[in-house]
Each structure stands twice: as structure tokens, then as C-alpha cells.
Amino acid sequence: MLYLPVDPDGRLAVSDGKPVYYSAPLVRAHNRADWAAAAVKPGEVVAVRVEPEDIDSQLEAENTTVGDIREFADDPVAARALALLFNRERVRFDPYDGSELTYDEEGRIAFGAGRLPIYPRIQPAVIGAVILEREGHEPAILVAQNRTRPGYYSLIAGYLEAGETVEEAFVREVREETGRRLHEITYVASQPWPISGSIMIGLKGTTSDEEPVAQVDGEIFDERWVTAAELDEITWPKQGSIAYRMLESFQKGEL
């Protein structure tokens, strides 16, 4: 079993662009040999919380820098380990009888007093490219900053509600957050998002509403339409995110 130390701010040690795994929690010796990297598989890594100074001490190893968990949502090993860590921290009591949960070594299955298995809860969410189609103009994509996460532009996203399809959720989120109407919705890709215990379902929709036609909920601000050529003028989401990949695909003319 290998371990992935993460501090409360989501910092972790990175070497050669990949997370650093260790042979035991808090072990200071660097353990990112090529053979270890190749051998790591989902289910063989457990993420553990450590103090900031523990991450700082790991940075003393050669070619090691600090990274952010959001950069590795597309890494299947790290994403699984992080998702299970966050689930353990959030889900601490048995929903059947209220007893405290005990997790297995991997941190995937929990048991309360009744010994009924409790599996991780995965929350589905949609994230989508809203494309503006105007006759005689290049396609433009809608990007915006979220009030709770300012500093970069991303795509429109939100959680599914009970009884919704993913397409219905995307239409609703775009209407609520931007006041635009959508049509021609298609599936693009999906990605686990361990930070919130979600599965992000990427969609694409087109609109002719350059300006809002309905009231908005105020969740986003500083929204703008950008063409592929204008994307380099804004700050993007983290590189490991599905939002980054979708913006990159739009810039390349592949979306």
C-alpha cells in the first residue's frame, strides 16, 4: 500500500508533474522512483491528511515541488484516493442507526454497529460549454467567474436535482445562472471531481441568446463571450479539470 499525503489546503508534493507517493504515512524518505510510479494502481493508494509542515518537509527532496489537488482530477489513482479521503472526512456516522463508522484499510467501505456496508456517495453534476451561434460571426463560448471561487473563468456547472436528466439539469443551470436558453445539447465527456465527491458530466449546448432573457440567481459574475482566439486573454481553470479540457477543445476547434 502506498500513501498520498495532503494538507488541509489541498497541497501535495509533486515530482515530474505527478503526485508523490510514499511507502508509509509521514515517511520523509522520497519514494517516487519510476518503478513505483508505474506500479501504482487504483485501490493501492490511500490519501492521508497531514500538517502543512509535513508537505513542506517533502519539498526538500530533489525535483519536488508543491501541487494542488485540483490539478490531478484526471489522474485515476490520485482522484480515487482523494475522493475516498474526502468521503471518510464527511461521512462519519451510519445513516441507519447513527453509530460511528469504521472504514476498511483502503477507506472505501465503512461499517457501523449494524455491520451494513456503507459505500461512498457520488454526487452527479453537470458542466457545460454554452456556444453562441451568430450568423456571420465566429462561434463564441460563455465563460464566467463564480462568486465563491473568483480569480479564473470557467464553464457553467451545477448539481443534478431529484428527478432530473443530465440534459434537463444543464438547461436549468444555464437558465438560472446566465439567463440563456439552450438547444442541441450533446454529451462531451465526464470526469470524477474528488473535491466535492462528484462525477462531472460534460455537455455542450448552443444558444442564440447573446444577452440574458431571464432573471439570474447571482451565483456568477463577470461573464463574457470569447472566441477561440480570445481564450488566451483570460485566466483558465486548473489544467487537470474537465473545464480546462473543454476550453482547450473549443480553442482547437474540436468542440
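Residues numbered from 1 in each chain as written. Predicted model: local features only at pLDDT ≥ 70, side-chain atom pairs only at ≥ 80, totals over all residues. Heavy atoms only, no water.

- An unreviewed UniProt entry lists the protein under the name NAD(+) diphosphatase, with Corynebacterium atypicum as the source organism.
- UniProt, in its Sequence similarities (unreviewed entry) section for the protein, records the words "Belongs to the Nudix hydrolase family. NudC subfamily."
- Here is the UniProt Catalytic activity (unreviewed entry) comment for the protein, exactly as written: "a 5'-end NAD(+)-phospho-ribonucleoside in mRNA + H2O = a 5'-end phospho-adenosine-phospho-ribonucleoside in mRNA + beta-nicotinamide D-ribonucleotide + 2 H(+)". (UniProt positions renumbered as here; feature names shortened; annotations may be inferred.)

**Regarding helix 4 (residues 166–178)**
At step 1: Look at helix 4: 18 Å from first C-alpha to last across 13 residues, which is about the 18 Å you get at 1.5 Å a residue.
At step 2: Those residues of helix 4 that sit buried are Ala 169, Phe 170, Arg 172, Glu 173, Val 174, Glu 177 and Thr 178.
At step 3: Elements in contact with the buried residues of helix 4: strand 9 (123–132), strand 10 (140–146), strand 12 (156–159), strand 13 (183–193), strand 14 (198–207) and strand 15 (220–226).
At step 4: Directly after helix 4, the chain includes Gly 179, whose backbone phi takes a positive value near 75°. (Helix = DSSP H or I, 4+ residues; strand = E, 2+ residues; numbered from the N terminus. Expected span 1.5 Å × (residues − 1). Buried < 20%, exposed > 50% of the residue type's maximum accessible area, 1.4 Å probe, protein only. Contact = heavy atoms within 4.5 Å.)

**Let's talk about the sheet that holds strand 5 (residues 64–68)**
At step 1: The three strands lie next to each other as 3-2-5, forming an open sheet whose pairing is antiparallel. Where the open sheet ends on each side, the last strands, each with one partner, are strand 3 (18–19) and strand 5.
At step 2: Two elements, strand 2 (residues 11–15) and strand 3, share two bridges in a ladder whose sense is antiparallel. Bridging across to strand 3, Val 14 finds its partner in Pro 19. (Pairing = 2+ DSSP bridges.)

**Some thoughts on the nonpolar core**
At step 1: Core analysis: the largest hydrophobic core is formed by 40 residues, its most contacted members being Leu 4, Ile 141, Val 143 and Leu 231.
At step 2: If you list the elements that add at least two residues to this core, you get strand 1 (2–6), strand 2, strand 4 (45–49), helix 3 (76–90), strand 9, strand 10, strand 13 and helix 5 (242–251).
At step 3: Excluding residues that lie within four positions of it along the chain, Val 143 makes contacts with Tyr 153, Ser 154, Leu 155, Asp 222, Glu 223, Arg 224, Val 226, Ile 234 and Leu 247.
At step 4: If you look at the next biggest cluster of nonpolar residues, it comprises 15 residues, including Val 126, Val 130, Leu 142 and Ala 169. (Core = buried A, V, L, I, M, F, W, Y, C linked by side-chain atoms within 4.5 Å.)

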